[in-house]
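# Descriptive analysis of the structure
Chain by chain, the residues run as shown.
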Amino acid sequence: MERTFLAIKPDGVQRKLIGEIIKRFETKGFTLVGLKFMSVNRELAEQHYDVHKERPFFGNLVEFITSGPIIAMVWEGDGVVSAARKVIGATNPLTAEPGTIRGDYGANIGRNLIHGSDAIETAQREIALWFKDEELVNWQPTL
Ligand code: CMP
């Protein structure tokens, strides 16, 4: 079954949007298989954002994701990688559609509330980076 990595960033936690954000994926019908509330160290942040290391905003990305606690999650479901990106909305909250998380709650590209893996291969890499196998719960909802 397909899985994706999602992280509620420090702004989402500080603005008390954890419940609202998680609810959107639950009500959509995806299955939560991993969740932790944690601080992010510099090494993990740099590995996570490695693909952006040549970008001018790389330093800001690392500073921000390490600035306060985050919620790291793994969600499962058919087509969950691209569907979760639709629920999240465009990278820039100013252009994200209303009805998406970023469209409804964000106003700044550097403070866009949540990260979602952009492809199946990226999701596999990010899940392995953020979670140990034993931290993931293999289950299927029966209702
Ligand atoms: P995220 O999904 O975490 O992946 C990379 C992040 O880089 C992205 O969300 C944005 O928060 C951030 N980002 C992308 N473009 C810019 C930009 N031009 N300036 C600042 N941050 C950016």
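Residues numbered from 1 in each chain as written. Predicted model: local features only at pLDDT ≥ 70, side-chain atom pairs only at ≥ 80, totals over all residues. Heavy atoms only, no water.

## Concerning the pattern of salt bridges
All chains considered together, the criterion is met by 7 salt bridges. Between Glu46 and Arg42 there is a salt bridge, with the nearest N and O atoms lying 3.5 Å from each other. Separated by 4 residues within a single helix, Glu46 and Arg42 lie in helix H3 (residues 42–48), roughly one turn from each other. By relative accessible area, Arg42 is classed as partly exposed at 44%. (Salt bridge = Lys/Arg side-chain N within 4 Å of Asp/Glu carboxyl O. Helix = DSSP H or I, 4+ residues; strand = E, 2+ residues; numbered from the N terminus. Buried < 20%, exposed > 50% of the residue type's maximum accessible area, 1.4 Å probe, protein only.)

## A short note on the sheet that holds strand S4 (residues 114–116)
Spatial ordering of the open sheet is given by S2-S3-S1-S4, a layout of 4 strands whose pairing is antiparallel. On the outer flanks of this sheet lie strand S2 (31–38) and S4, each paired with one strand and no other. Neighbour-to-neighbour, the strand axes of this sheet turn through a mean angle of 15°, independent of strand direction. Direction of pairing for strand S1 (residues 3–8) relative to S4: antiparallel, over a ladder of 3 bridges. Across the sheet, residue Ala7 finds its bridge partner in S4, namely His115. Seen against the sheet, helix H7 (residues 120–130) touches S1, S2, strand S3 (70–76) and S4 and runs at an angle of roughly 60° to S1. (Pairing = 2+ DSSP bridges. Axes fitted to C-alpha atoms, helices over the stretch in contact; angles between N-to-C directions. Contact = heavy atoms within 4.5 Å.)

## Overview of the site of the ligand
Taken together, Lys9, Tyr49, His52, Phe57, Leu61, Thr91, Arg102, Ile109, Asn112 and His115 make up the full set of residues adjacent to the ligand. In the complex, 78% of the free accessible area of the ligand, which totals 460 Å², lies under the protein chains. More than half of the atoms of the ligand fall within 2 Å of the grid points belonging to the largest pocket. Residue composition of the shell around the ligand, by class: 4 nonpolar, 4 polar and 2 charged. (Near = heavy atom within 4 Å. Areas by Shrake-Rupley, 256 points an atom, 1.4 Å probe, with all protein chains shown as cover. 1 Å grid on protein atoms, 1.4 Å probe; cavity = no way out; pocket = protein on both sides within 12 Å on 5 of 7 lines; lining within 4 Å. Sits in = over half its atoms within 2 Å of the grid points. Nonpolar A, V, L, I, M, F, W, Y, C, P; charged D, E, K, R; others polar.)

## Here's the deal with the confidence of the model for the protein chain
Residues with a pLDDT of 70 or more make up 100% of the protein chain, whose mean pLDDT is 97. Taken together, the chains of this predicted complex give a pTM of 0.97 and an interface ipTM of 0.91. (pLDDT = per-residue confidence, 0-100.)

## Observations concerning the UniProt feature "binding site: ATP" (unreviewed entry) in the protein chain
The UniProt record marks Lys9, Phe57, Arg85, Thr91, Arg102 and Asn112 with the feature "binding site: ATP" (unreviewed entry), using the residue numbering of this structure. Among the annotated residues just listed, those lining the largest pocket are Lys9, Phe57, Arg85, Thr91, Arg102 and Asn112. Here Arg85 is to be found in helix H5 (residues 80–88). The contact partners of Arg85, leaving out residues within four places of it in the chain, are Gly116, Ser117 and Asp118. (UniProt positions renumbered as here; feature names shortened; annotations may be inferred.)

## Focus on the packing of aromatic side chains
Enumeration according to the criterion identifies 2 aromatic pairs in this entry. Their ring planes at 25° and their centres at 5.0 Å tell us that Phe5 and Trp130 sit as a pair that is stacked. Taken as a pair, Phe5 in strand S1 and Trp130 in helix H7 lie far apart in primary sequence, 125 residues in all. One exposure class covers both Phe5 and Trp130, and it is buried. Residue placement shows Lys36 over the ring face of Phe131; its charged tip is 4.6 Å from the ring centre. Over the face of the ring belonging to Phe64 we find Arg111, whose NZ or CZ atom lies 3.9 Å from the ring centre. (Phe/Tyr/Trp six-rings, centres within 6.5 Å; stacked < 30°, edge-to-face > 60°. Lys NZ or Arg CZ within 6 Å of the ring centre and 35° of its normal.)

## A few points about H5
Three- or four-residue spacings in an α-helix give side chains the same orientation, since the helix completes a turn every 3.6 residues. All of the buried residues along H5 are Val80, Val81, Ala83, Ala84, Val87 and Ile88. Looking at the packing, one finds that the buried side of H5 touches S1, helix H2 (18–28), S3, helix H6 (101–105), S4 and H7. Positive phi shows up at Gly89, right after H5, with a value of about 95°.

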